[in-house]
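Reading the structure
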Amino acid sequence: MSVLETQKLTKEFGDLRAVDEMDFEIGSGEIVGIIGPNGAGKTTFVNLLTGVLDPTAGDIVFNGRQLNGSPVHDRARAGLVRSFQIPRVCDDLTLVENVRSAILSREQRNNSLFTVLNWENDTRAEAIALLDEFGLADQQEAYAEAIPHGDKKILDVCMSVAMRPKLLILDEPTSGVATENKYAIMDRLQNYFETSDSAVLFIEHDMELIADYAERVVAMDQGRKIIDGSPEEVLEDETVKQRIRGEE
Ligand SMILES: Nc1ncnc2c1ncn2[C@@H]1O[C@H](COP(=O)(O)OP(=O)(O)OP(=O)(O)O)[C@@H](O)[C@H]1O
Ligand SMILES: [Mg+2]
């Protein structure tokens, strides 16, 4: 079943068509990678999906519902969550408190905050279980400012997951992370998402990570989708080789 679908989604900045008639679809449980050279329109596309930007033309259907002008927070509450955006890691809270704040915002959306009897204990237990799943349990009482950059990125993903997204969008989840730690982050993500029916859309410049973790790849160039297929198919495509993998 399709979680999200776009039809001829377009964004113009003046004379520039940053996103040009993108038709895209992602199904429940799918892990899809987006690749493309700098300026291809990847981030703009994602900003249209999350509601940060309004499209010039075209449609977005999420969970069978047309998203027209619906604000970022409403989309997040409906399960369209972008990491590094909502929720944000708060430096002067502990890891447990950070994850609990994400659970809190999820429960607020369900209006269940004041009806849950053991709210305090329940959310704490859930937060610790999630931190454990992402390998952060041993730092659960540390302040977020005190943990390494790579762990902070994992924490952010952990908080996004706490929102129980139907679609989680990650814009370069491993950027700024040392190569040896990139795989740790992606492994944690993959483990989690293999057992969840949430879909994941991630933008990535590292073609090895794309080959290893994406089930399907969409390549963009100059705002347009140039190919959509299996990682093998897309990474071996001649245009992709020239335009996107030119440095290799
Ligand atoms: N707010 C804006 N106003 C004007 N032009 C913009 C704006 N945001 C992006 N652009 C332009 O739109 C095009 C697409 O940019 P975008 O950031 O979506 O590319 P990208 O694929 O995410 O690139 P990168 O790989 O470098 O992150 C670029 O030419 C960029 O300069
Ligand atoms: Mg970008």
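As the structure is a computational prediction, the values presented were derived from the model and not from experiment. (Residues numbered from 1 in each chain as written. Chains lettered and ligands numbered in written order. Predicted model: local features only at pLDDT ≥ 70, side-chain atom pairs only at ≥ 80, totals over all residues. Heavy atoms only, no water.)

Describing the packing of helix 5 (residues 149-162) against helix 6 (residues 179-194)
The cut-off we apply is this: For helices, the axis comes from a line fit to the C-alpha atoms of the stretch in contact; other axes are also lines fit to C-alpha atoms, and the angle between any two N-to-C directions lies between 0 and 180 degrees. By definition, any uninterrupted DSSP run of H or I lasting at least four residues is a helix, any uninterrupted run of E lasting at least two residues is a strand, and each is numbered from the N terminus. Any angle that is under 35 degrees is reported as roughly parallel, and any over 145 degrees as roughly antiparallel; angles of 65 to 115 degrees are reported as roughly perpendicular and all others as oblique. Note: crossing handedness is left-handed where the near helix turns anticlockwise from the far helix by less than a right angle, and right-handed where it turns clockwise. Contact between two residues is taken to exist if any of their heavy atoms lie within 4.5 Å; hydrogens are not considered. Three classes are used, and their members are as follows: Ala, Val, Leu, Ile, Met, Phe, Trp, Tyr, Cys and Pro are nonpolar, Asp, Glu, Lys and Arg are charged, and the others, Gly among them, are polar.
Relative to each other, helix 5 and helix 6 sit at 15°, their axes nearing to 10 Å. As judged from the angle between their axes, helix 5 and helix 6 are roughly parallel. Both helix 5 and helix 6 take part in a crossing whose hand is right-handed. Contact with helix 5, carried on its side by Gly150, Lys153, Ile154, Val157 and Val161, involves Ile185, Leu189, Tyr192 and Phe193 of helix 6 and no other residues of that element. Of the residues assigned to the contact of helix 5 with helix 6, the class counts are 7 nonpolar, 1 polar and 1 charged.

So, helix 5
Our working rule: What a helix should span is 1.5 Å times the count of its residues minus one. Partly exposed residues are those whose accessible area sits between 20% and 50% of the maximum for their type, while under 20% is buried and over 50% is exposed, using a 1.4 Å probe and protein chains only.
Under the 1.5 Å per step criterion, the end-to-end length of helix 5 is 20 Å for 14 residues, consistent within 8% with the ideal 20 Å. Most of helix 5 sits out of view: 11 of its 14 residues are buried. Taken together, the buried positions of helix 5 are Gly150, Lys153, Ile154, Leu155, Asp156, Val157, Cys158, Met159, Ser160, Val161 and Ala162.

Concerning helix 1 (residues 42-50)
Of all 9 residues that make up helix 1, 8 are buried, and the element is covered over most of its length. Along helix 1, the residues that are buried comprise Lys42, Thr44, Phe45, Val46, Asn47, Leu48, Leu49 and Thr50.

Things to note about the site of ligand 1
What counts here: Any residue with a heavy atom positioned within 4 Å of a molecule or strand is treated as near that molecule or strand. As used in this structure description, the phrase polar contact means that two N or O atoms lie within 3.5 Å; if the pair is within protein, one of them must be able to donate a hydrogen and the other to accept it, and residues adjacent in sequence are counted only when both atoms belong to side chains. Each accessible area is a Shrake-Rupley result for a 1.4 Å probe, and residues are judged covered by the shown protein chains and nothing else.
Around ligand 1, a shell composed of 13 residues is seen, among which Asn38, Gly39, Lys42, Thr43 and Thr44 lie nearest. At 3.1 Å from an oxygen atom of ligand 1 is found a main-chain nitrogen or oxygen belonging to Ala40. With respect to ligand 1, the side chain of His205 contributes an N or O atom lying 2.9 Å from an oxygen atom. Compared with its free state, where it exposes 640 Å², ligand 1 has 58% of that area covered by protein. Of all the secondary-structure elements, those providing two or more residues to the shell around ligand 1 are strand 2 (16-27) and helix 1. Counted by class, the shell around ligand 1 contains 5 nonpolar, 6 polar and 2 charged residues.

Structural notes on unusual backbone geometry
Notably, Asn63 is not glycine yet its phi reads approximately 55°, a positive angle. Summarising the element assignment, Asn63 is placed in the loop between strand 4 (57-62) and strand 5 (65-66). Asn63 sits in the partly exposed class, given a relative accessible area of 35%. The residue Arg164 is not glycine, and still its phi comes out positive at about 50°.

Here's the deal with the domain arrangement of the chain
Let me state the cut-off plainly: Domain start and end points were adopted from an automatic or database domain assignment. Simply put, the buried area is the total loss of 1.4 Å probe accessible area from both parts when two parts are fitted together. Every case where a carboxyl oxygen of Asp or Glu lies within 4 Å of a side-chain nitrogen of Lys or Arg is listed as a salt bridge.
Taken domain by domain, the chain consists of domain 1 (1-86 + 164-248) and domain 2 (89-162). On a C-alpha basis, the centroid separation for the pair domain 1 and domain 2 is 25 Å. Residue-level contacts link 21 residues of domain 1 with 16 residues of domain 2. Roughly 1,600 Å² of surface becomes buried between domain 1 and domain 2 when both sides are summed, with 60% attributable to carbon and sulfur atoms. Counting across the interface, domain 1 meets domain 2 through 1 salt bridge. The interface formed by domain 1 and domain 2 includes 7 residue pairs in polar contact (both at pLDDT 80 or more). Listed by contribution, the elements that provide at least two residues to the side of domain 1 that touches domain 2 are helix 2 (72-77), strand 7 (167-171) and helix 6. A per-element tally of the side of domain 1 that touches domain 2 places helix 6 first, with 5 residues.

Structural notes on the sheet that holds strand 6 (residues 80-82)
Applicable threshold: Any two strands between which DSSP finds at least two bridges are classified as paired.
On the basis of which strands lie adjacent, the open sheet formed by 6 strands has the order 6-7-8-3-9-10 and mixed pairing. Of all strands in the sheet, those with a lone pairing partner are strand 6 and strand 10 (224-229), marking the two edges. Each strand of the sheet is rotated relative to its neighbour by a mean of 20°, with strand direction disregarded. Here 5 bridges tie strand 7 to strand 8 (residues 199-203), and the two strands are oriented parallel to one another. Paired with Leu168 across the bridge in strand 8 is Val200. Against the sheet, helix 1 makes contact with strand 3 (31-35), strand 6, strand 7, strand 8 and strand 9 (216-221), and its axis sits at roughly 140° relative to strand 6, the strand it touches most.

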